[in-house]
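Given next are the chains, with one letter for each unit.
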Amino acid sequence: MSEQIERIKTLIIGSGPAGYTAAIYAARADLNPVVYTGMEPGGQLTTTTEVDNFPGYPEGIDGPTMMVQLQQQAERFGTDVRVGMATAVELSDEVGGIHKVTIDNDKVIEAETIIISTGASAKYLNIPSEQRLRGGGVSACAVCDGFFYKGQEVAIVGGGDTAAEEASYLANICKKVTMLVRKDHMRASKAMQHRVNSLDNIEIRYNTEVDEVLGDQVVEGLRMVNNQTGEKEEIAITGLFIAIGHKPNTDIFKGQLEMDDVGYIITEPDSTKTNKPGVFASGDAQDKIYRQAVTAAGTGCMAALDAERYLATIGSAIEATARWD
Ligand SMILES: Cc1cc2nc3c(=O)[nH]c(=O)nc-3n(C[C@H](O)[C@H](O)[C@H](O)COP(=O)(O)OP(=O)(O)OC[C@H]3O[C@@H](n4cnc5c(N)ncnc54)[C@H](O)[C@@H]3O)c2cc1C
């Protein structure tokens with residue numbers, strides 16, 4: 001490890017909508033934020049073509065362009081955006097304490113405040129046809145992409161609460177929803193199961209898995225396999241939604257920050273405060289319910305305001321240098 005150490009006021013880990021929104025607010029408040037982009041600069045939205053529900057884009061916008069614009073907006077106010085991964089953290093328990101974050105197993109950043117915006121990754125089945133058609137009809141977000149399949153026939157994979165909720169959401173928009181449940185029962189709560197069962201246009205296939213997603217450029221169908229009998233069946237669909245869970249990107253904080261059993265960081269109610277003073281969490285890394293770009297941006301804003309107030313309370317030891325006028 002090199003001996004490079006840098007001390008800053010505000011370190012933002014992650015460059016999705018939460019991280020860049022936090023950066024816009026933090027930079028405008030002269031917190032001189034440094035953003036480390038991580039392995040996916042721009043975050044999850046860079047994997048989607050069409051974002052139709054982020055306010056301010058009446059014609060919609062493609063995800064990568066939107067994220068470049070968010071980065072430019074953050075940089076306009078002096079945010080220092082750097083490529084790099086936070087690989088280890090040492091968080092202080094003291095109010096006013098200095099937190100240490102190692103970047104790429106090399107450089108150490110010492111920060112008075114940290115905003116965690118490391119997001120979450122949707123789990124996929126990881127079969128080749130599914131990977132090939134991601135963005136071409138395969139999606140991990142029914143609320144984001146369901147609209148594009150209005151009046152069409154789609155399928156959804158999963159048997160938990162999220163899958164059941166997304167299936168009922170799709171049933172309101174689509175002509176028919178085929179739900180593939182790997183086991184002979186659903187894991188979803190009884191209430192959610194009841195909701196799914198009460199909708200006429202949802203067909204539930206138990207003991208059923210995806211054998212292959214059919215189509216060259218876009219999804220045209222699905223070959224399903226019954227995992228008890230081995231029997232295969234093809235159906236025509238235009239959209240396939242994967243709802244088998246998300247994994248928050250929070251492993252490096254384990255043992256230091258309070259998390260739920262899945263790894264979502266726990267924040268105080270009506271706040272982005274974690275259990276460590278000066279460490280704030282925003283976006284999908286702490287939100288297992290809404291998981292939208294606009295809600296991530298909202299909590300990113302909250303985190304920057306919380307960081308600013310915290311620094312005002314402790315009295316930052318680092319002089320502010322205006323990077324914009
Ligand atoms: C296919 C798809 C389509 C979607 N469509 C829409 C849509 O149309 N509308 C909508 O509102 N939402 C949509 N979403 C959901 C939306 O993308 C997320 O809710 C949102 O991106 C969450 O923002 P975030 O900033 O919390 O995290 P993310 O966007 O997940 O960004 C996380 C960031 O953290 C970085 N990171 C992770 N670990 C580290 C580390 N150790 N060190 C440094 N950096 C790190 C990553 O590189 C990344 O930059 C979609 C999601 C998917 C997967």
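Caption draft 1: Local environment of empty space enclosed by the protein. Within the structure shown, the criterion is met by one cavity of 30 Å³ or more. In this structure, the largest cavity occupies an estimated 40 Å³ of space. Taken together, Ala-122, Lys-123, Ala-140, Thr-162, Glu-166, Ile-242, Ala-243, Ile-244, Gly-245 and His-246 form the lining of the largest cavity. In terms of residue class, the lining of the largest cavity is made up of five nonpolar, three polar and two charged.

Caption draft 2: Examining helix α6 (residues 190-197) more closely. Along α6, the residues classified as buried are Met-192, Gln-193 and Val-196. The buried residues of α6 occupy an angular sector of 100° when projected down its axis, which confines them to one face. Relative to its buried face, α6 has exposed residues pointing more than 90 degrees away, namely Lys-190, Ala-191 and His-194. Buried residues in α6 make contact with α5 (161-173), β10 (176-180) and β11 (202-205).

Caption draft 3: The arrangement of the pattern of salt bridges in detail. For the coordinates displayed, the defined rule picks out 16 salt bridges. Put simply, Glu-233 and Arg-205 hold a salt bridge, and the shortest N to O gap is 2.9 Å. Taken as a pair, Glu-233 in strand β14 (residues 232-236) and Arg-205 in strand β11 lie far apart in primary sequence, 28 residues in all. Judged by relative accessible area, which is 34%, Glu-233 ranks as partly exposed. The class for Arg-205 is buried, based on a relative accessible area of 19%. Across the pair Lys-247 and Asp-251 runs a salt bridge whose closest N-O atoms are separated by 3.0 Å. The class for Asp-251 is partly exposed, based on a relative accessible area of 44%. Several salt bridges share partner residues, and in doing so they unite Asp-211, Glu-212, Arg-223, Lys-232 and Glu-234 into one network.

Calculation notes
Residues numbered from 1 in each chain as written. Predicted model: local features only at pLDDT ≥ 70, side-chain atom pairs only at ≥ 80, totals over all residues. Heavy atoms only, no water. 1 Å grid on protein atoms, 1.4 Å probe; cavity = no way out; pocket = protein on both sides within 12 Å on 5 of 7 lines; lining within 4 Å. Points joined across faces, edges and corners; volume = space filled by probe spheres on them. Nonpolar A, V, L, I, M, F, W, Y, C, P; charged D, E, K, R; others polar. Buried < 20%, exposed > 50% of the residue type's maximum accessible area, 1.4 Å probe, protein only. Helix = DSSP H or I, 4+ residues; strand = E, 2+ residues; numbered from the N terminus. Arc of directions from axis to C-beta. Contact = heavy atoms within 4.5 Å. Salt bridge = Lys/Arg side-chain N within 4 Å of Asp/Glu carboxyl O.

Keep in mind that these numbers describe shape and distance, not what the molecule does.
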